[in-house]
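Topology and contacts: notes
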Amino acid sequence: MRWVVAKWEFMRYFKWKEELMGIAVMLGIGLVMTLGSAAFEWSKSSQRYSVAVLDSVGLEFKLPERSQISIERIAASDLTWKTEQVGLGQIDALVTIESLDSAEVLLHKEPAFKSALQSLLDNARRDVALRGAGIEAERFESWTQPMAMNLRYHESGEAPASQGDRLIVIGFLLLLLSGVFTCFAYFFTSITSEKQARVTEQIISAIPVQTWIDGKLIGISLLGIKSMATLTLWAGLVAFGVAQFAPELYAKLGRVGADKVLVGLLFILLGLAFWNSFLAGIAATIDDPNNSTRSALMLVPSIPTMLAFPMLSHPDNLAVVIMSWIPLTSMAVMPVRYALTDVPWWEVPCAAALLACCVFWMRKYASRIFRAGMFLYGKEPSFREMWAFVRHGG
Amino acid sequence: MDDVLITNSLVKQYATVRAVDGVGFAIRRGEIFALLGPNGAGKTSTVRMLIGQTQPDAGEIRYLGAQGTSASVPPRELGYLPEERGLYLDQSVLRTLSYLGQLRGMAPKTAGEKAMAWLERLSLADRAKEKISALSKGNQQKVQLIAAVLHEPRFAILDEPFSGFDPINQELALNLIRELRDGGMTVLLSAHQMQLVERLADRILLLNQGRPVLSGTLAQLRRDAGLSQRLTLSFDRDADHDTLAAIPGVVAVERLNDRQAALLLKDDANLNQVLSALGGGAMLSNVQSDAVGLHEIYLRAVGPGA
């Protein structure tokens, strides 16, 4: 019977038409953004700026290939009409250089080419200084390069995760966050609307409360997983696009091994079951969804995932190890640890077993709060009353 | 008829209130049994114990069902129209009925087919795919009623089944419940429309403050309440209602207007003596005699001063 409830809960919110519409809108937005961004880049790169230079120092400008700036050297006699041209917007800038230390730039509007011009002036000034000191520009270039530092790790040691791996883990945490928030939203809507529509008595006269809450847990968790799967699909499409158009960038991405996927999935499933049980219990105590103070409690399940973000840089820290075991946080922290560092093999099944036990207990106690909460109309139980529900079954 | 549900000395105590205090009754298979009483009389608390949502603090419940004896009506045999109405307003009529049928053990296909048949019967077939929120209150009540009997339960508890219905639909619901009874379903009914209950119920139990006050058929209730007839009198001049109340055999006088009054007579009252006391009918322009109805019995049994 719990699968009848699960299917109902899932199909209450999953609608093919809206789903396909959502994908179409996302694709449309992606297309518009890509085209818009490409058009902007093309427009930016094809823009040319004409700069007139009155140079009394003798700088030598080395324009890079396909430079956006074109330099026109002028004589002092041209200064007046070039100034007028700036005023009319016919040229973009008039640069007057009277010493190696400063240049005056006359403009018609804020220059988009400011950094390119600055770089041009810097290089020209540096070349004059180097020539004066008798140093070749190429040699100076090599001196200013940072020293290459090649890191090697002893075979008995532990290589750190690459930036690509961290990127994948950040993706995992964002995915998890989306799953948690999806479940939060659906539990909140589903249960508070059922309370307001007063369907409780009807349902509970037909099936046991535990069956009802189990069905809800399955159905709404499936909605969370569906949301995560959709996002994964999008991420896969983006990765595919990157692989096609920017293979060098794609090569920097971390690779996800099957073991990491399995560990991630295991903790996602157990974690969602644990926190969704919590959500079901809390949602049942909410009487007025617009003004309830309990609504804030519904955000608690996102805390473990939030906590996991700062741990990315120190996955071996003792606090991280402990949190990867604690069922309140292990959903997010253990997969992060597993992906970024070497975790002794036995830790994963032990932490998973601990979380599974807590799922059992959370489900049992949440259903007690759920049962009592669903019959309360016009008031919200105090925390003391909720504790009494947990202890005595409401 | 044999009994299908027997309760003895049921007690339900909440924090400071004894909601049910020694209630005992037996419901016969295939009858319509009305459970009546004012708000707070203990009807809902009793019903919740019958369906196993709460447990009695004392006393016993025995349901003699298809699967043997149990301490409450098993979900598969129960049809329940609760006092608190509840439907999924954002879902379609047909989907909701099918879901509720499946929760009672029906196969999805059967639930859908039977739901459609019921919707056709109650003139809602063309609205099967609409959201329930789009229906009027009366039509939502029809859906609620269908949900209670869709799976053909052996025992149906209908709490306020006429709520939200206009007179035509009240009549429709009344005939429907009779048909269900005639088809073998046992019905426990609770409603505040006394005239409808009077027409529908085979037997009645009247509760007040958690205790049984009267029980039996309407005739038994009249007898036990000590009431027999209701005389509606019209006078050709203003009537002295105090004088009417003093006539032997009159239990109560209801003032209808200055020249009209209704008298409730004791079950042993002599009609001739009452009329003689009115002056042999000299002042009367009209007299109408009816058997005392459930409404009067109810008011006398549980109303102010009862």
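Fair warning: this is a prediction, and the values are worked out from it, not measured in the lab.

1. Examining the overall build of chain A
Along its length, chain A carries 15 helices and 4 strands. In terms of C-alpha radius of gyration, chain A reaches 32 Å, well past the compact-globule figure of 21 Å for 394 residues. Considered along the principal axes of its C-alpha atoms, chain A spans approximately 100 × 60 × 40 Å. Evaluated residue by residue, chain A yields a buried proportion of 39% over its 394 residues. Relative to all contacts within chain A whose residues are 6 or more apart in sequence, the contacts with residues 24 or more apart total 70%. Only carbon and sulfur atoms are counted for the fraction: they give 64% of the accessible area of chain A, which is about 22200 Å². Positive and negative side-chain charges in chain A, numbering 35 and 35 respectively, have mean positions lying 13 Å apart.

2. Re the packing of aromatic side chains
Each aromatic ring pair is described using two quantities: the centre-to-centre distance and the angle formed by the ring planes. All names here are of chain A. Under the definition given, this model contains 17 aromatic pairs over all chains. Considering the side-chain rings of W325 and W346, the 5.9 Å spacing of their centres and the 55° angle between planes classify their relative orientation as tilted. Linking W325 in the loop between helix 12 (318-323) and helix 13 (330-340) with W346 in the loop between helix 13 and helix 14 (347-374), this pair joins segments that are 21 residues apart in sequence. By relative accessible area, which is 24% here, W325 ends up partly exposed. For W346, a relative accessible area of 40% puts it in the partly exposed group.

3. Quick look at helix 1 (residues 43-50) of chain B
Of all the 8 residues making up helix 1 of chain B, 6 are buried; the element is thus mostly covered by neighbouring parts of the structure. When helix 1 of chain B is considered as a whole, its buried residues turn out to be K43, S45, T46, V47, M49 and L50 of chain B.

4. So, the domain arrangement of chain B
All names here are of chain B. Once the domains are mapped, chain B shows domain 1 (3-216) and domain 2 (226-302). If you average the C-alpha positions of domain 1 and of domain 2, the two centres end up 37 Å apart. Taken residue by residue, the interface counts 13 residues in domain 1 and 7 residues in domain 2. Summed over both partners, the interface of domain 1 with domain 2 comes to about 770 Å²; 79% of that surface belongs to carbon and sulfur atoms. When the area that domain 1 buries against domain 2 is broken down by residue, the three leading residues are M194, E198 and L206, summing to 53%.

5. Things to note about the nonpolar core
Core analysis: the largest hydrophobic core is formed by 130 residues, its most contacted members being F187, I203 and W212 of chain A together with L36, L97, Y99 and L158 of chain B. Among the elements that line this core, the one with the most residues is helix 10 (residues 258-284) of chain A, at 13 residues. Ignoring sequence-local partners within four residues, the contact set of F187 of chain A consists of T192, K216, L217, I220, N276, L279, A280, A283 and M298 of chain A. Counting residues in each nonpolar core, the second largest holds 25 residues, with V20, L50, Y63 and Y80 of chain B among its members.

6. Concerning the domain arrangement of chain A
Per the domain assignment, the segments of chain A are domain 1 (49-139) and domain 2 (162-392). When each unit is reduced to the centre of its C-alpha atoms, the spacing between domain 1 of chain A and domain 2 of chain A is 59 Å.

7. Side note on unusual backbone geometry
Residues and elements named next belong to chain B. Although it is not a glycine, S9 sits at a positive phi angle of roughly 45°. Within the element layout of this structure, S9 appears in strand 1 (residues 3-13). Judged by its relative accessible area of 49%, S9 falls in the partly exposed class. For S123, which is not a glycine, the phi torsion comes out positive at approximately 60°. Locating S123 in the fold gives a position in the loop between helix 3 (108-121) and helix 4 (137-149).

8. Things to note about a positive patch on the surface
Where like charges cluster on the molecular surface, the positive patch consists of K7 and K15 of chain A together with R95 and K131 of chain B. Structurally, K7 of chain A is set in helix 1 (residues 2-13).

9. What to know about the pattern of salt bridges
Residues and elements named next belong to chain B. Counted under the stated rule, the structure contains 32 salt bridges over all chains. Across the salt bridge formed by D57 and K12, the nearest N and O atoms sit 4.0 Å from each other. In this pair, D57 sits in the loop between helix 1 and strand 4 (58-65) while K12 sits in strand 1, placing the two residues 45 residues apart along the sequence. For D57, a relative accessible area of 47% puts it in the partly exposed group. The exposure class assigned to K12 is buried, which follows from its relative accessible area of 10%. Between E179 and R121 there is a salt bridge, with the nearest N and O atoms lying 2.6 Å from each other. Of this pair, E179 sits in helix 5 (residues 167-182) while R121 is found in helix 3, placing the two residues 58 residues apart along the sequence.

10. With respect to the packing of helix 10 of chain A against helix 14 of chain A
Residue and element names in this part refer to chain A. One way to put it is that helix 10 packs onto helix 14 with a least axis distance of 7 Å and a crossing angle of 20°. Relative to helix 14, helix 10 is oriented roughly parallel. Note that helix 10 runs across helix 14; the crossing there is left-handed.

The rules we used
- Residues numbered from 1 in each chain as written.
- Chains lettered and ligands numbered in written order.
- Predicted model: local features only at pLDDT ≥ 70, side-chain atom pairs only at ≥ 80, totals over all residues.
- Heavy atoms only, no water.
- Helix = DSSP H or I, 4+ residues; strand = E, 2+ residues; numbered from the N terminus.
- Rg over C-alpha atoms; globule rule 2.2 N^0.38 Å.
- Buried < 20%, exposed > 50% of the residue type's maximum accessible area, 1.4 Å probe, protein only.
- Contact = heavy atoms within 4.5 Å.
- Areas by Shrake-Rupley, 256 points an atom, 1.4 Å probe, with all protein chains shown as cover.
- Lys, Arg positive; Asp, Glu negative; His and termini not counted.
- Charge placed at Lys NZ, Arg CZ, Asp CG, Glu CD.
- Phe/Tyr/Trp six-rings, centres within 6.5 Å; stacked < 30°, edge-to-face > 60°.
- Domains from an automatic or database assignment.
- Buried area = accessible area lost by both parts, 1.4 Å probe.
- Core = buried A, V, L, I, M, F, W, Y, C linked by side-chain atoms within 4.5 Å.
- Patch = residues over 30% accessible without salt bridge, like charges linked within 9 Å, V, L, I, M, F, W, Y side chains within 5 Å.
- Salt bridge = Lys/Arg side-chain N within 4 Å of Asp/Glu carboxyl O.
- Axes fitted to C-alpha atoms, helices over the stretch in contact; angles between N-to-C directions.
- Parallel < 35°, antiparallel > 145°, perpendicular 65-115°, else oblique.
- Left-handed = near helix turned anticlockwise from the far one by under 90°.

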